[in-house]
Amino acid sequence: MTSESDLDQVTGWLEVARRVLFITGAGISADSGLPTYRGVGGLYNRGVTEDGMAIEEALSGDVFSSRPEVTWRYLRQIEAACRDATCNRAHNVIALLERGPREIWVLTQNVDGFH
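Residues numbered from 1 in each chain as written. Predicted model: local features only at pLDDT ≥ 70, side-chain atom pairs only at ≥ 80, totals over all residues. Heavy atoms only, no water.

Peer 1: Could you give me a rundown of the nonpolar core, with the residues and numbers involved?
Peer 2: Membership of the largest hydrophobic core is limited to 8 residues, which are Leu-43, Met-53, Ile-55, Ala-58, Val-63, Val-70, Tyr-74 and Ile-78. Of all the secondary-structure elements, those providing two or more residues to this core are helix H3 (55–58) and helix H5 (68–82). Here this core gets 3 residues from one element, more than from any other, and that element is H5. Ignoring anything within four residues of it in the chain, the contact list for Tyr-74 reads Thr-49, Glu-50, Asp-51, Ile-55, Ala-58 and Leu-59. (Core = buried A, V, L, I, M, F, W, Y, C linked by side-chain atoms within 4.5 Å. Buried < 20%, exposed > 50% of the residue type's maximum accessible area, 1.4 Å probe, protein only. Helix = DSSP H or I, 4+ residues; strand = E, 2+ residues; numbered from the N terminus. Contact = heavy atoms within 4.5 Å.)

Here it is as structure tokens:
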């Protein structure tokens, strides 16, 4: 849990910073309801699929080439889990800071479009 003094310290740094870099990954979008890959309950931590293979194998190019129905089954499940997701407070705070006087950079591997 973040303490009030920690937040005050970060706020102070942001007030004087000319440039800020946010480095994010799947965790920032977990509060939006998007599944993570390797975090708690992540897609890659669920063991084998009903097809007897790990999810990363089911989503691989090799399986897509040889058994596309398997890959599409799991892509549909991922899409359904993501369908109603929206930006969360962290995304909104970054967007708000981008409107300010400082230079804001976001480095992410996310493709959710929330940044």
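Peer 1: Can you tell me about helix H6 (residues 89–98), naming the residues and giving the values?
Peer 2: By the burial criterion, the buried members of H6 are His-91, Ile-94 and Leu-97. Taken end-on, H6 shows its buried residues confined to a sector of 125°, consistent with a single buried face. When the buried face of H6 is taken as reference, the exposed residues oriented beyond 90 degrees from it are Arg-89 and Leu-96. Contacts made by the buried residues of H6 are with helix H1 (4–16), strand E1 (19–24), helix H2 (26–30) and strand E2 (103–108). (Arc of directions from axis to C-beta.)

Peer 1: Please give an account of the side chain of Thr-36 that cites residues and values.
Peer 2: Looking at where Thr-36 falls in the secondary structure, it is placed in the loop between H2 and H3. What Thr-36 contacts, discounting residues up to four positions off in sequence, is Ala-26, Gly-27, Ala-30, Gly-42 and Leu-43.

Peer 1: So what about the pattern of salt bridges? Which residues, and what values?
Peer 2: All chains considered together, the criterion is met by 5 salt bridges. Notably, a salt bridge pairs Asp-51 with Arg-67, separated by 3.9 Å at the nearest N-O pair. Here the residue Asp-51 occupies a position in the loop between H2 and H3, and Arg-67 occupies one in the loop between helix H4 (61–66) and H5, the gap between them amounting to 16 residues. Using a relative accessible area of 34% as the deciding quantity, one classes Arg-67 as partly exposed. Between Arg-67 and Glu-69 there is a salt bridge; the shortest N-O distance is 3.9 Å. Residue class for Glu-69 comes out partly exposed when judged on its relative accessible area of 44%. Where salt bridges share partners, they join Glu-50, Asp-51, Arg-67, Glu-69 and Arg-73 into one cluster. (Salt bridge = Lys/Arg side-chain N within 4 Å of Asp/Glu carboxyl O.)

Limitation: the analysis is restricted to geometry and does not speak to function.
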